[in-house]
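# Chains, contacts and geometry: an overview
Each chain is listed here by its residues.
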Amino acid sequence: MRSEVAARPVFQQILYSQAWEDPDCDREGLKIGPQDDVLAVGASGDNALAFVLDRPRSVVAIDFNPNQNHLLELKLAALETLDPDDLHAFVGVRPTGARAFQYRLLRGRMSAAAQAFWDGQPELIERGVIHVGRFEGFLGLFRRFVLRAVHRRGTREQLFAARTLAEQREFYDRRWNSRAWRTLFRLFFSRFLIGRLGRDPAFFKYVEVDQVGEAFRRRTEHALCDLPIRENWFLEYIASGTYRVAFPPWLRPGNLPLLRERARETLRLEVGAFEQYLPTQAEGSFSCFYLSDIFEWMSEEAFAALLRQFCRVSRPGGRLTWRNLLVPRVRPPGLDDVLEVDEALSRRLHEQDRSFVYGNFVAATVLPRA
């Protein structure tokens, strides 16, 4: 097995500086407990940190982009060093002129490789690290060239004033859902612009959706009308460029003591692709698997081979969660006797998923070996 995208140039930079999957859905699907060993996509590190809150025995965060691991190391060092207000300021939730000073306070808690990376990127530190990913930059362009063109500031602020779903729906129908909104949204979130400005064209190799922008528009409408908007930090960041009311779990002040106590001893970071990492692991090494949307960019054959490897290294009864963005990847033929998909749970978690851009959520369990 080999990764089809790990060598793409886009992975030589920070692609995601925040998680764009709702960890609460994965935590419910994985049912993490004190005897669990979790294998997780590293990415921005936000959700690996969220899993620490469930007190597992271990969390291995793996990413084939070492810069993503450097980002997780920086976040871990910051939450161990800074109080909640300073942590928020340092990572970019609110303005501050003290980031360079704060970085000097915490850099010694990182590995030599992470120190070397961040020492050479002072401009990223100054920007606030939750804003420095390629995808976050793409969303910044959306705020600047679509949201501000379509809706005035007062309208954008009013979006988050609704207290009930009925108020959200009424505001969306009356004030938000204009022809300009629909047209510019579809254009901006087209296959062409996402591939060249947000992610990479290779992510669309197996996509058969004709109108990508319209698919994302419908999913956004679901978030604006059917999910409590005041609890949705994904929407808040997309619309405003920061968090003001809702926060991802690793940035909630009440979670800071537990993360300081357990994150360092629980987390282990690995650099590499799952295709190379899994064959080196023994059967039964892990019990929970957080897989984001990694199956999106691989063929059906590669999906089946990799999923079989996840089942091999899982303990009986191990739980897996993953998402489909635009490519349907649920359970390939031939794995019926190995993996069971909980369709009812998957459907419920998908419907309540605050990371609304995905087309499907899969929660599955590894069956006992015959």
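Residues numbered from 1 in each chain as written. Predicted model: local features only at pLDDT ≥ 70, side-chain atom pairs only at ≥ 80, totals over all residues. Heavy atoms only, no water.

## Section: the sheet that holds strand β1 (residues 37-41)
What counts here: A pair of strands is labelled paired if DSSP reports no fewer than 2 bridges between them. Helix and strand assignments follow DSSP, with helices taken as H or I runs no shorter than four residues and strands as E runs no shorter than two, numbered in order from the N terminus. The angle between two axes is taken between their N-to-C directions and runs from 0 to 180 degrees, where each axis is a line fitted to C-alpha atoms and a helix contributes only its stretch in contact. Whether two residues are in contact is decided by their heavy atoms, any of which lying within 4.5 Å being enough.
Pairing is mixed in the open sheet, where seven strands are placed in the order β3-β2-β1-β4-β5-β7-β6. Looking at strand neighbours, the two that pair on one side only are β3 (267-271) and β6 (339-341), the edges of this open sheet. Here the strands of the sheet are splayed against their neighbours by 20 degrees on average, with no regard to which way each runs. In this fold helix α3 (residues 66-81) packs onto β2 (58-63) and β3, with an angle of close to 160 degrees to the strand it touches most, β3.

## Remarks on the pattern of salt bridges
Selection rule: What counts as a salt bridge is simple: a side-chain nitrogen of Lys or Arg found within 4 Å of a carboxyl oxygen of Asp or Glu. Categorising residues by exposure relies on relative accessible area from a 1.4 Å probe, with only protein chains included: less than 20% of the type maximum marks a residue as buried, more than 50% marks it as exposed, and the intermediate range marks it as partly exposed.
In total, this model carries 25 salt bridges according to the counting rule given. Arg319 serves as the salt-bridge partner of Asp36, at 3.1 Å between the closest nitrogen and oxygen. A residue pair is termed long-range when its members are at least 10 positions apart, and Asp36 in the loop between α1 (23-30) and β1 and Arg319 in strand β5 (residues 314-324) qualify at 283 residues. The salt bridge partner of Glu270 is Arg268, with a shortest N-O separation of 3.2 Å. Looking at Glu270, the relative accessible area reads 24%, which means it is partly exposed. In this structure, a network of salt bridges that share partners links the residues Asp22, Asp24, Arg27, Asp54 and Arg354.

## A look at the pairing of β1
As a reminder, the rule being used: Call a crossover right-handed when, viewed with both strands pointing away from you, the route from the first strand across the helix to the second goes clockwise.
In terms of residue burial, β1 counts as a mostly covered element, since five of its five residues are buried. Both faces of β1 are covered, namely the face carrying Asp37, Leu39 and Val41 and the face carrying Val38 and Ala40. As defined by bridge partners, β1 adjoins β2 across five bridges and the pair is classed as parallel. Each bridged residue has a counterpart across the sheet, and for Val41 the counterpart in β2 is Ile62. Taken together, β1, helix α2 (residues 46-52) and β2 constitute a β-α-β crossover, and its handedness is right-handed. Both β1 and strand β4 (residues 286-290) contribute to a ladder of three bridges, which runs parallel. Across the sheet, Ala40 pairs through a bridge with Tyr290, a residue of β4.

## Some points on the packing of helix α10 (residues 165-176) against helix α13 (residues 212-226)
The condition that has to hold: Geometric relationships in this document are graded by angle, where less than 35 degrees denotes roughly parallel, more than 145 denotes roughly antiparallel, 65 to 115 denotes roughly perpendicular, and other angles denote oblique. When residues are grouped by polarity, Ala, Val, Leu, Ile, Met, Phe, Trp, Tyr, Cys and Pro land in nonpolar, Asp, Glu, Lys and Arg in charged, and all others, Gly among them, in polar.
Between α10 and α13, the shortest axis-to-axis distance is 7 Å and the interhelical angle comes to 130 degrees. Between α10 and α13, the angle is such that the two are oblique. For the pair α10 and α13, the contacting residues are Leu165, Gln168, Arg169, Tyr172 and Trp176 in the first and Arg217, Glu221, Ala223, Leu224, Cys225 and Asp226 in the second. Split by residue class, the contact of α10 with α13 holds six nonpolar, one polar and four charged.

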